[in-house]
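The residues making up each chain are set out below.
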Amino acid sequence: MYTQIRNVASQFISDFTKEELDLIEKHFYPKKLGKNEHLLQVGEVAKEVFFIYKGIMRNYVPISKKGHITNYFAEEGMFNTSAVSFFTQQPSYEAVQAIEPCEGLAIQFENLEALYDQYHNWERLGRLFLQAILIKQDLRLRWFIEKSAIERYEAFLKTYPHLMQRIPQYYVASYLGITPESLSRLRSRNQKVSTDKV
């Protein structure tokens, strides 16, 4: 796990020094989540960032009498938390849940802030982490503004083809803003079109 997080950090920041990377073992600690277990519940303050070594997580917002809206998926090699809650240290409006059993490394808010204060490369890593989240969420927002349901589904397939077999259909549907029944119809239609082309 520590080797993978070192590799990911180095991909983001190519000039990380050995001294800076060695701080990972000092401040990050192993953490596991069972399937459907929450890293964070709505109303709690996000106190840690989780690096995913194995598994998939989702961030979602419960909607009264309407279930939930999934607004983010995170997989192996990614960092995850409720970014707004973590960086403001205010109660979270969203929950963070393991879709599969997850293994990874976590770091506490205070320790990450100390790294930001002491090391420019760690501060850069935090900025790039936040940028990656914002870009993904902006992409999803643009899908809702610019695309029909079938276009959102096709965009999801193109962007995340490897996730379709791992994420329950009702989570994908909530991410796309449609019902599971509608998603099932879109999948059937897409499969038929693919078959006809063959």
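Preceding this paragraph is the structure being described.
Please read all numbers here as calculations on a predicted model, not as lab measurements. (Residues numbered from 1 in each chain as written. Predicted model: local features only at pLDDT ≥ 70, side-chain atom pairs only at ≥ 80, totals over all residues. Heavy atoms only, no water.)

Draft legend 1. Local environment of the overall build of the protein. Secondary structure summary: the protein contains eight helices and eight strands in total. Residues classed as buried in the protein amount to 44% of the 198 residues present. Considering only contacts in the protein between residues 6 or more positions apart, those separated by 24 or more positions represent 69%. For the protein, the exposed surface amounts to about 10600 Å²; the carbon and sulfur share of it is 53%. If the 25 positive side-chain charges of the protein are averaged to one point and the 23 negative ones to another, these points end up 9 Å apart. (Helix = DSSP H or I, 4+ residues; strand = E, 2+ residues; numbered from the N terminus. Buried < 20%, exposed > 50% of the residue type's maximum accessible area, 1.4 Å probe, protein only. Contact = heavy atoms within 4.5 Å. Areas by Shrake-Rupley, 256 points an atom, 1.4 Å probe, with all protein chains shown as cover. Lys, Arg positive; Asp, Glu negative; His and termini not counted. Charge placed at Lys NZ, Arg CZ, Asp CG, Glu CD.)

Draft legend 2. Structural detail: the packing of aromatic side chains. As enumerated under the stated definition, the model contains 13 aromatic pairs in all. Ring geometry for Phe79 against Phe129: centres 5.9 Å apart, planes inclined by 70°, an arrangement best described as edge-to-face. Of this pair, Phe79 sits in strand E6 (residues 79-80) while Phe129 sits in helix H5 (residues 120-146), and the two are 50 residues apart along the sequence. Summarising the burial analysis for this pair, Phe79 and Phe129 share the class buried. An aromatic cluster of three or more residues is present, and its members are Phe51, Phe79, Phe86, Phe87, Phe109 and Phe129. A cation sits over an aromatic face here: Arg140 above Tyr175, 4.9 Å from the ring centre. (Phe/Tyr/Trp six-rings, centres within 6.5 Å; stacked < 30°, edge-to-face > 60°. Lys NZ or Arg CZ within 6 Å of the ring centre and 35° of its normal.)

Draft legend 3. Quick peek at the sheet that holds strand E5 (residues 67-74). The four strands lie next to each other as E2-E7-E4-E5, forming an open sheet whose pairing is antiparallel. Edge positions in the sheet fall to strand E2 (38-40) and E5, since each of these pairs with one other strand and no more. Across the sheet, the axes of successive neighbouring strands diverge by a mean angle of 30°, strand direction being ignored. Sitting on the sheet, helix H7 (residues 169-176) is in contact with strand E4 (57-63), E5 and strand E7 (95-98), with an inclination near 95° to E5. (Pairing = 2+ DSSP bridges. Axes fitted to C-alpha atoms, helices over the stretch in contact; angles between N-to-C directions.)

Draft legend 4. Representation of the pattern of salt bridges within the structure. The full count for this structure, using the stated rule, is eight salt bridges. Note that Arg6 and Asp22 form a salt bridge whose closest N and O atoms lie 2.4 Å from each other. With a gap of 16 residues between them, Arg6 in helix H1 (residues 2-12) and Asp22 in helix H2 (residues 18-27) connect regions that are remote in the sequence. For Arg124, the salt bridge goes to Asp15, with nearest N and O atoms at 3.2 Å. Taken together, the positions of Arg124 in helix H5 and Asp15 in the loop between H1 and H2 put the pair 109 residues apart, joining distant regions of the chain. Three or more residues are tied together by salt bridges with common partners; here these are Arg6, Lys18, Asp22 and Glu25. (Salt bridge = Lys/Arg side-chain N within 4 Å of Asp/Glu carboxyl O.)

Draft legend 5. Quick peek at the sheet that holds strand E1 (residues 29-33). Pairing is antiparallel across the open sheet formed by four strands, whose spatial order is E1-E8-E3-E6. Where the open sheet ends on each side, the last strands, each with one partner, are E1 and E6. Note that E1 and strand E8 (residues 102-108) share five bridges and pair antiparallel. What sits directly across from Tyr29, in E8, is Ala106. Contacting E1, strand E3 (48-54), E6 and E8, H1 crosses the sheet at an angle of about 110° to E3.

Draft legend 6. Structural view of empty space enclosed by the protein. Following the criterion strictly, the structure yields two cavities of 30 Å³ or more and no others. Estimated volume of the largest cavity: approximately 90 Å³. Contributing to the lining of the largest cavity are Phe28, Val49, Phe79, Ile107, Leu112, Tyr116, Trp122, Leu125, Gly126 and Phe129. Elements with a contribution of two residues or more to the lining of the largest cavity: helix H4 (109-118) and H5. When grouped by side-chain class, the residues that make up the lining of the largest cavity number nine nonpolar, one polar and no charged. Size it by volume and the second largest cavity reaches roughly 50 Å³. At three residues, E5 tops the list of elements feeding residues into the lining of the second largest cavity. Among the residues making up the lining of the second largest cavity, the classes are represented as six nonpolar, no polar and two charged. (1 Å grid on protein atoms, 1.4 Å probe; cavity = no way out; pocket = protein on both sides within 12 Å on 5 of 7 lines; lining within 4 Å. Points joined across faces, edges and corners; volume = space filled by probe spheres on them. Nonpolar A, V, L, I, M, F, W, Y, C, P; charged D, E, K, R; others polar.)

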